[in-house]
Protein chains: 2
Amino acid sequence: MSTAAARLRFRDARIEMAHGAGGKASRRLLEGLIAPLLLGAAAQPLGDAAHLALDGARIAITADSFVVKPLRFPGGSIGELAVNGTVNDLAVSGARAEALVVTYVIEAGLATEILEAETRAIAEAASRAGVAIVGGDTKVVEHGKADGLYLTTAGIGRPIPGVALSAASVRPGDAVILSGPVGDHGVTILLARGELDLEADLRSDTRAVAPFVEALAAAAAPGLRWMRDPTRGGVATSLNELARDAGLGVWLEEDRVPVRDAVRGACELLGLDPLHIANEGQFLAVVAAEWADRAVAALVAAGCAEAAIVGHIVEQPAATVLGSTSYGGTRVIDMLVGDPLPRIC
Amino acid sequence: MSTAAARLRFRDARIEMAHGAGGKASRRLLEGLIAPLLLGAAAQPLGDAAHLALDGARIAITADSFVVKPLRFPGGSIGELAVNGTVNDLAVSGARAEALVVTYVIEAGLATEILEAETRAIAEAASRAGVAIVGGDTKVVEHGKADGLYLTTAGIGRPIPGVALSAASVRPGDAVILSGPVGDHGVTILLARGELDLEADLRSDTRAVAPFVEALAAAAAPGLRWMRDPTRGGVATSLNELARDAGLGVWLEEDRVPVRDAVRGACELLGLDPLHIANEGQFLAVVAAEWADRAVAALVAAGCAEAAIVGHIVEQPAATVLGSTSYGGTRVIDMLVGDPLPRIC
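Now for a quick tour of the structure.

Quick notes on the rules
Residues numbered from 1 in each chain as written. Chains lettered and ligands numbered in written order. Predicted model: local features only at pLDDT ≥ 70, side-chain atom pairs only at ≥ 80, totals over all residues. Heavy atoms only, no water. Pairing = 2+ DSSP bridges. Helix = DSSP H or I, 4+ residues; strand = E, 2+ residues; numbered from the N terminus. Axes fitted to C-alpha atoms, helices over the stretch in contact; angles between N-to-C directions. Least-squares fit on C-alpha atoms with pLDDT ≥ 70 in both. Contact = heavy atoms within 4.5 Å. Parallel < 35°, antiparallel > 145°, perpendicular 65-115°, else oblique. Left-handed = near helix turned anticlockwise from the far one by under 90°. Nonpolar A, V, L, I, M, F, W, Y, C, P; charged D, E, K, R; others polar. Buried area = accessible area lost by both parts, 1.4 Å probe. Salt bridge = Lys/Arg side-chain N within 4 Å of Asp/Glu carboxyl O.

Regarding the sheet that holds strand β1 (residues 50-54) of chain B
All names here are of chain B.
Reasoning step 1: A sheet is described by the order of its strands in space; here five strands give the open sequence β1-β2-β7-β5-β6, paired in mixed fashion. The open sheet has two edge strands with one neighbour each: β1 and β6 (132-141). Between one strand axis and the next, the sheet turns through 20° on average, direction left out of account.
Reasoning step 2: Bridge count between β1 and strand β2 (residues 57-66): five bridges; the pairing is antiparallel. By the bridge assignment for β2, Leu 54 is matched with Ala 57.

Below you can see the structure in the form of structure tokens.
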């Protein structure tokens, strides 16, 4: 790769929190600096996991760092998130997680009981997801750095037979399916910080989506075109990435997107859009129209009670997400801009 | 794995810098807490990379986080270190690195030029090592956290044909081979911090050792029993791990261990043992006696001018490293205790 010659579009003088939020600024950093240098000129759009051939086998690989604050929150913790997040990145790329490696960056002074609790959370989440932890690393940094604990997980997996995903295979008329309610994770983290005078009976949705992806694939693999877990930046950002990568439009019927009252209430108070809030246990799928009902039925049967067709793919306006409500309103749904919820994963 | 029942031997109340130094405290944390919980009761001694079967292929996988301070130092930088470190972990496990994933934890406020320089360093080191970077992740944490930049790399590779390594295959009489001078990296980092009134014409030895491992394997694979890159904790710690894992002793002829004058001088002034200082471009190999001369000749021909037989394996005292000098002195060489050089990788 010719790195010296790479012309970089990223012009911000410094890195700010928004560059880590998963929205527009993250995309500019990734596409304007990191990807051109690391992945070379022929870089394809970055999906959730890379698929490659190794010694005759097809394997998928992915990695994520986790810096969520606080370390524990209703419904989960950083250790559980670190396993589920990587298992999910593999799942929505169409792969079954087989093995994980975990690295710790620990702040000196961290209570051993916290490290033990998070290590148990990692082990239990891996056990639930049926994935082996095969190695890792531990570093310690001075007190005052690292907020207790940062984790990084990398995972490898095998492609799910019959599943071949790409934004390029998406066609007008395809259905957009969502596995369940949005915004639970991001709003839970926000409330868990205790900086707002708000309480709600809400838990993170962190879970491995692999069983649901498997059920979907078993029922509708020939019609399955694309998947994504809408983490940082939320459903709005994932659908904008889809629209852009496919060169098509997404028509989202907003009334059909399940949002819990507690999430909707908190978002209204804070001026946030639930579609921009991170999820850690939901996924989006694009399925050919004739497979869509079977796909939803399979998800519901597998335990995603609120799985639904929430929209469809349109020819125009290309590279755009439009939202409509039953009252007849229509709006452009943009990617996340700025960082209303820092460090949610 | 039954995590609830795991009895943990690690009893320290808090994590301290020494737990990240790669020596005795690191080993206690790993073996007393992390490995029992994550890897289950049947956990084997942790090598530098795990080898597993996936879809009929044999693959190796490893991951490391990098928190070196300062980010740039004579002879290298965190980006280069992050690539070489993971390539080397694969190499000394007997595998060829094929693909890497890289995650960034960036401190808000980091100058983009630093991020760009490190991303170029990653790309260039990967290019030199012939390994593709296929994905990654970026997180941003608040100003004051993360010291600018932490990196994590995970790598996958394929076994080098004909190479099968394990401490259990080591036999009394085997030769201990060292690829070159020790301590360059650790002392370079120490001096680069500018906290000591010391200067020296010294550079980090960071490099991919893969070409040398390949040369060694090509010349002496049938006699090659064990390899390790003596990073944190240095040669003394790696040899103690070997002695313990093999249930045998190591006899080290200390006069034969190459140490540059600048490293020896700094260590004498600071009361450090060069054998405890981290290296980032050297490796140790145990080779059957009848293959040892061929192995050293191959390393020298490949560019490790100072490669040498520095010791041999003995039956007794088991699990111990003894050092001898030409003056007739003998001493027990222990693992690193404490953390004289924090955050050297």
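Side note on the relation of the copies chain B and chain A
Reasoning step 1: When chain B is fitted to chain A, the residual RMSD is 0.0 Å, and the transformation amounts to a turn of 180° plus an axial shift of 0.0 Å. On this basis, the relationship between the two copies can be described by a two-fold rotation axis. Every residue of chain B has its C-alpha some distance from the rotation axis, and the shortest such distance is that of Lys145(B), at 2.4 Å.
Reasoning step 2: Looking at chain B, 100% of its interface residues are interface residues in chain A too, so the copies touch through the same face.

Things to note about the packing of helix α4 (residues 184-192) of chain A against helix α7 (residues 261-270) of chain A
Residue and element names in this part refer to chain A.
Reasoning step 1: At a minimum axis separation of 10 Å, α4 and α7 run at an interaxial angle of 60°. As judged from the angle between their axes, α4 and α7 are oblique. The two elements α4 and α7 cross, and the hand of that crossing is left-handed. Of the residues in α7, those in contact with Asp 184, Val 187 and Leu 190 of α4 are Val 263, Ala 266, Cys 267 and Leu 270.
Reasoning step 2: Each residue belonging to the contact of α4 with α7 can be placed in one class, and the counts come to six nonpolar, no polar and one charged.

As for the interface of chain B and chain A
Reasoning step 1: In this complex, chain B contributes 77 residues to the contact, which on the side of chain A involves 77 residues.
Reasoning step 2: When the buried area of chain B at its contact with chain A is split by residue, Ile15(B), Leu38(B) and Lys139(B) rank highest and sum to 9% of it.
Reasoning step 3: With a closest N to O distance of 2.9 Å, Arg232(B) and Asp137(A) form a salt bridge.
Reasoning step 4: The greatest single-element share of the side of chain B that touches chain A, amounting to nine residues, is contributed by β6(B).
Reasoning step 5: Residue composition of the side of chain B that touches chain A, grouped by class: 42 nonpolar, 15 polar and 20 charged.

In short, shape yes, function no, at least from these values alone.
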